[in-house]
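Residues per chain are reported as follows:
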Amino acid sequence: MSAETPALKATGTPLGKDTGTAGSGIGRPRPPLAARLAARAGGGVMRIFLLLVALFWLLPTLGLLLSSLRTPADISGSGWWKVFTSPSQLTVTNYHQLLKNHAITDSLVNTALITVPTTVLVVVIGSLAGYAFAWMDFRGRDWWFLAVVAMLVVPVQVALVPVARLFGDIGIFGDISGVVLFHTAFGLPFAIFLLRNFFAEIPRELLEAARLDGAGELRLFTRVVMPLGGPAIASLGIFQFLWVWNDMLVALIFANSDSQPITVALQQQVRQFGNNIDILAPGAFLSMVIPLAVFFAFQRQFVSGVMAGAVK
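Sequence order as written defines residue numbering, which begins from 1 separately in each chain. Where totals are concerned, whole chains, interfaces and linings use all residues; where local detail is concerned, this predicted model gives features only for residues with pLDDT of at least 70, and gives and counts side-chain atom pairs only at 80 or more. Hydrogens and water molecules were not included; the side-chain quantities draw on all heavy atoms of the structure.

What counts as a salt bridge is simple: a side-chain nitrogen of Lys or Arg found within 4 Å of a carboxyl oxygen of Asp or Glu. One pass over the structure, following the stated rule, counts two salt bridges. Note that Arg141 is salt-bridged to Asp137, the shortest N-O span being 3.4 Å. The classification of residues rests on relative accessible area computed with a 1.4 Å probe and restricted to protein chains. Under 20% of the type maximum is buried, over 50% is exposed, and intermediate values are partly exposed. Since its relative accessible area comes to 71%, Asp137 is described here as exposed. A salt bridge links Asp142 to Arg141; the nearest nitrogen and oxygen atoms lie 3.8 Å apart. Ionic contacts of the salt-bridge type, sharing partners, join the residues Asp137, Arg141 and Asp142 into one network.

And the structure:
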């Protein structure tokens, strides 16, 4: 009997023969269907699908842009997609006429006068209050914070009539300052809640080391907390800017003809002139481009703030 016989009896397989279980994967359990789909989700097919979805969502914006670059006769005669076969239809006449419309240009200035102060006030007051709720000890701190959180569930519609009467009594109803105060008041609860939770994640040892070096509360806030909370503050500023810029309900009630923002001005154009698309299309696109430019300008800070909040 050869020397291979004991090995053959023990294993049932001739020596030197590959059974296929070591490297071929035979006998291993197949991964679940969800895991296989997730592994393939990052491939080229999924990227092409996501690109098509993004292009589909951008179609209305593209249509609005091309409509704003066509004459009223072309707009009423054919769809915006005719531009691809007749590029000569493109013109900037509508934008020239829009810039000569004082109602639109004044409303753009009013929108900036409402949005910028509101964003600054919400960010500054929200940062100070968030730091106080996170790191300062005072009587009733937790109860005051619960009261701020409770304000998050108060709808804007509930306060429209009472606040309108209050502003009328103190003489700021219809003024830009009234719109700014209303937006600031309803933007602060979310700002305080967001920044307090973010500031609370700062290591206590870092703040104690700064206090040992002689830093007071104001210096500690400006030199330590604000730089570390930069991403969250930038995210809050972007959100607040977009909310106020695109608002129409509050401005429709609290602003008059001299202080109305671009959203109300465009609505007034519809009511006065009907389907005045040669003014509405460029006005709507112009009002949309400015917040988009602000978003993309601070996109890196926005993503950093979102990712930091996700990690925390």
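Attention shifts here to helix H12 (residues 230-245). With 16 residues, H12 should reach 22 Å at 1.5 Å per residue; the first-to-last C-alpha distance of 22 Å fits that figure. Regarding H12, the residues found buried are Ala232, Ile233, Ala234, Ser235, Leu236, Gly237, Ile238, Gln240, Phe241, Val244 and Trp245. Numbering goes from the N terminus for both helices and strands, where a helix is a DSSP run of H or I of at least four residues and a strand is a run of E of at least two. A helix is expected to span 1.5 Å multiplied by its residue count minus one.

Another aspect to go through is the side chain of Asn101. Examined against the element boundaries, Asn101 turns out to sit in the loop between helix H5 (93-99) and helix H6 (102-135). Classification of Asn101 by relative accessible area gives buried; the value is 17%. Polar contact criterion, stated in full: a pair of N or O atoms within 3.5 Å, where within protein one must be able to donate a hydrogen and the other to accept it, and residues adjacent in sequence count only if both atoms are side-chain atoms. A distance of 3.1 Å separates a polar side-chain atom of Asn101 from the backbone nitrogen of Ala103. The contact definition used throughout considers only heavy atoms, calling two residues in contact when any of these lie within 4.5 Å. What Asn101 contacts, discounting residues up to four positions off in sequence, is Gln269 and Ile279.

A few words on the environment of Val250. As for its placement among the helices and strands, Val250 is situated in helix H13 (residues 249-254). For the pair Val250 and Phe182, spaced 68 residues apart in sequence, the C-alpha to C-alpha distance is 8.0 Å.

Moving on, we come to the nonpolar core. What we call a nonpolar core is a set of buried Ala, Val, Leu, Ile, Met, Phe, Trp, Tyr and Cys residues that are connected through their side-chain atoms within 4.5 Å. Within the largest apolar cluster, 20 residues are counted, with the highest numbers of intra-cluster contacts made by Tyr131, Trp135, Phe199, Leu207 and Val225. Looking at this core, the elements that each hand over two or more residues are H6, helix H9 (176-199), helix H10 (204-212), helix H11 (217-228) and H12. Here this core takes five residues from H6, the largest share from any one element. Excluding residues within four positions of it along the chain, Trp135 makes contact with Arg141, Phe199, Ala200, Ile202, Arg204, Leu207 and Arg211. With 15 residues, the next largest nonpolar core counts Ile114, Ala164, Val244 and Val250 among its residues.

Purely spatial values, then, with no claim about function.
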